[in-house]
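Topology and contacts: notes
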Amino acid sequence: MVMEANQGVMAVNNDDLNPFLDPDAEVLANKMASYLKSKGGNLLQPVRVKGKKETYYWSFMNKKLELLHPNTEMYLLPWKETEKGEYYVYSPYTFQSGNVFLIPKSEIIQMGFN
């Protein structure tokens, strides 16, 4: 049995393409962007952790030690330093479950803004 295949080029009408972001995606993008700003509207400073190995840090949210890779996207929160010299650092983390870690001041590299 032989089946014929039509290999023509499909025409695309550019008027049918919506150049604007889907409203649901736009809401999600705005919500995620809001997590990277302080209550005053200032951007949170991006930071990294020194070293090349994954290290356990105290998760303020989950109240336990959790593994954190030094190249993870992280932001310094504008909260007071702890008595032990640790800073609160926010990470969007994985699966939209942001997390706040306590990281010693000596282990933080401040990346600055682009």
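What you see is a predicted model; the values in this text were computed from it and never measured.

Reading guide: rules and limits
Residues numbered from 1 in each chain as written. Predicted model: local features only at pLDDT ≥ 70, side-chain atom pairs only at ≥ 80, totals over all residues. Heavy atoms only, no water. Helix = DSSP H or I, 4+ residues; strand = E, 2+ residues; numbered from the N terminus. Core = buried A, V, L, I, M, F, W, Y, C linked by side-chain atoms within 4.5 Å. Buried < 20%, exposed > 50% of the residue type's maximum accessible area, 1.4 Å probe, protein only. Contact = heavy atoms within 4.5 Å. Phe/Tyr/Trp six-rings, centres within 6.5 Å; stacked < 30°, edge-to-face > 60°. Lys NZ or Arg CZ within 6 Å of the ring centre and 35° of its normal.

Further remarks concern unusual backbone geometry. Glycine aside, negative phi is the norm for most residues, and most peptide bonds take the trans geometry. A positive phi is found at K63, a non-glycine position, where the angle reads about 55°. Secondary-structure assignment places K63 in the loop between strand 2 (55-59) and strand 3 (64-68).

Turning our attention to the environment of K39. Within the element layout of this structure, K39 appears in the loop between helix 1 (23-34) and strand 1 (45-49). Separated by 39 residues in the primary sequence, K39 and P78 place their C-alpha atoms 9.5 Å from one another.

With that settled, the discussion passes to the nonpolar core. Soluble, globular proteins show a tendency: their nonpolar side chains are buried together. Residues V47, V49, Y57, L68, M74, L76, Y87, V89, F101, I103 and I108 constitute the largest nonpolar core, which totals 11 residues. Of all the secondary structure elements, the ones that give two or more residues to this core are strand 1, strand 4 (74-76), strand 5 (86-94) and strand 6 (97-104). If we ignore the near neighbours within four places in the chain, the residues touching V47 are T72, M74, Y75, L76, V89, I108, I109, Q110 and M111.

Counted by the stated rule, this structure contains three aromatic pairs. Between F60 and W79, the ring centres sit 6.2 Å apart and the planes meet at 65°, which makes this aromatic pair edge-to-face. In this pair, F60 sits in the loop between strand 2 and strand 3 while W79 sits in the loop between strand 4 and strand 5, placing the two residues 19 residues apart along the sequence. You can call F60 partly exposed: its relative accessible area is 30%. Grouped by ring-pair contacts, the aromatic residues F60, W79 and Y88 constitute a single cluster. Here the guanidinium or amino end of K63 rests over the ring plane of F60, the centre of that ring lying 4.3 Å away.

Remember, this is a structural readout, not a statement about activity or role.
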